[in-house]
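# Observations on chain architecture
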Amino acid sequence: QVCAFEFFRKRYGLGRTMMLGTFMVISGLGNLIISPPDTTLPWLFASAALYGAGSALVSPALPASLIRYAPEGRTGAFMGI
């Protein structure tokens, strides 16, 4: 998770990484939701993998973007620590 996030963050920036991850999560969940009952197992695994990869990008990106806008000296309180 951290390796993929760092690669995308350095290459595309925090905002684009978060947008990509969100798009992947929405696409993966959307595919799972609209899949008919006779969907093949590889298709379900691919949709679940898309969701998982997107989640791996969004999970570290959200706190990183919140810390960026936290008041100086209040990042711990801002993050709920």
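Residues numbered from 1 in each chain as written. Predicted model: local features only at pLDDT ≥ 70, side-chain atom pairs only at ≥ 80, totals over all residues. Heavy atoms only, no water.

### Observations regarding the overall build of the protein chain
The test is simple: Under the DSSP-based scheme used, a helix requires at least four consecutive residues in state H or I and a strand at least two consecutive residues in state E, with every element numbered from the N terminus. The globule rule used here is 2.2 Å times the number of residues to the 0.38 power, and the radius of gyration it is set against is calculated over C-alpha atoms. Exposure is judged per residue with a 1.4 Å probe applied to protein chains only, and the accessible area is read against the type maximum: over 50% gives exposed, under 20% gives buried, and values in between give partly exposed. Should any heavy atoms of two residues lie within 4.5 Å, those residues are counted as being in contact. Shrake-Rupley sampling with a 1.4 Å probe provides the accessible areas, and residues are treated as covered by the protein chains on show and by no other component.
For the protein chain, the helix and strand inventory stands at 4 helices and 0 strands. The order of α-helices and β-strands along the protein chain, N terminus first, is α-α-α-α. In terms of overall size, the protein chain is more extended than a compact globule, its C-alpha atoms giving a radius of gyration of 16 Å where 81 residues would be expected to give roughly 12 Å. C-alpha extents for the protein chain along the principal axes are approximately 55 × 25 × 15 Å. Residue burial in the protein chain is summarised as follows: out of 81 residues, 21% are buried. Summarising the internal contacts of the protein chain: among those between residues at least 6 apart in sequence, 56% fall at separations of at least 24. Total accessible area on the protein chain stands at roughly 5800 Å², and carbon and sulfur atoms take up 68% of it.

### Section: the packing of aromatic side chains
Applied cut-off: Two rings from Phe, Tyr or Trp (for Trp, the six-membered ring) form a pair when their centres sit within 6.5 Å of each other. Planes less than 30 degrees apart are called stacked, planes more than 60 degrees apart edge-to-face, and all others tilted.
Applying the stated criterion across every chain yields a total of 2 aromatic pairs. Measuring from ring centre to ring centre gives 5.3 Å for phenylalanine 7 and phenylalanine 8, while their planes differ by 80°; the resulting arrangement is edge-to-face. Taking the relative accessible area as the measure of exposure, phenylalanine 8 reaches 23% and is therefore partly exposed. Where phenylalanine 8 meets tyrosine 12, the ring centres are 5.9 Å apart and the plane angle is 25°; that geometry is what we call stacked. Linking phenylalanine 8 with tyrosine 12, this pair stays in helix 1 (residues 2-12), spanning 4 residues, or about one helical turn. A relative accessible area of 41% means that tyrosine 12 is categorised as partly exposed. Linked through ring pairs, Phe7, Phe8 and Tyr12 together constitute an aromatic cluster.

### Considerations on the pattern of salt bridges
Put simply, the rule is: By definition, a salt bridge exists where a carboxyl oxygen of Asp or Glu is found within 4 Å of a side-chain nitrogen of Lys or Arg.
Counting across every chain of the model gives 1 salt bridge. For glutamate 6, the salt bridge is made with arginine 9, and the minimal N-O distance between the two is 2.8 Å. Of the two residues, glutamate 6 and arginine 9 are both situated in helix 1; the distance of 3 residues between them amounts to about one turn of the helix. Given the relative accessible area of 26%, glutamate 6 is considered partly exposed. Judged by relative accessible area, arginine 9 falls into the partly exposed class, the value being 32%.

### Overview of the environment of valine 25
Within the secondary structure, valine 25 sits in helix 2 (residues 14-34). In this structure the C-alpha to C-alpha distance between valine 25 and leucine 57, which are 32 residues apart in sequence, comes to 9.4 Å. Those residues in contact with valine 25, other than ones at most four positions away along the chain, are Tyr51, Gly54 and Ser55.

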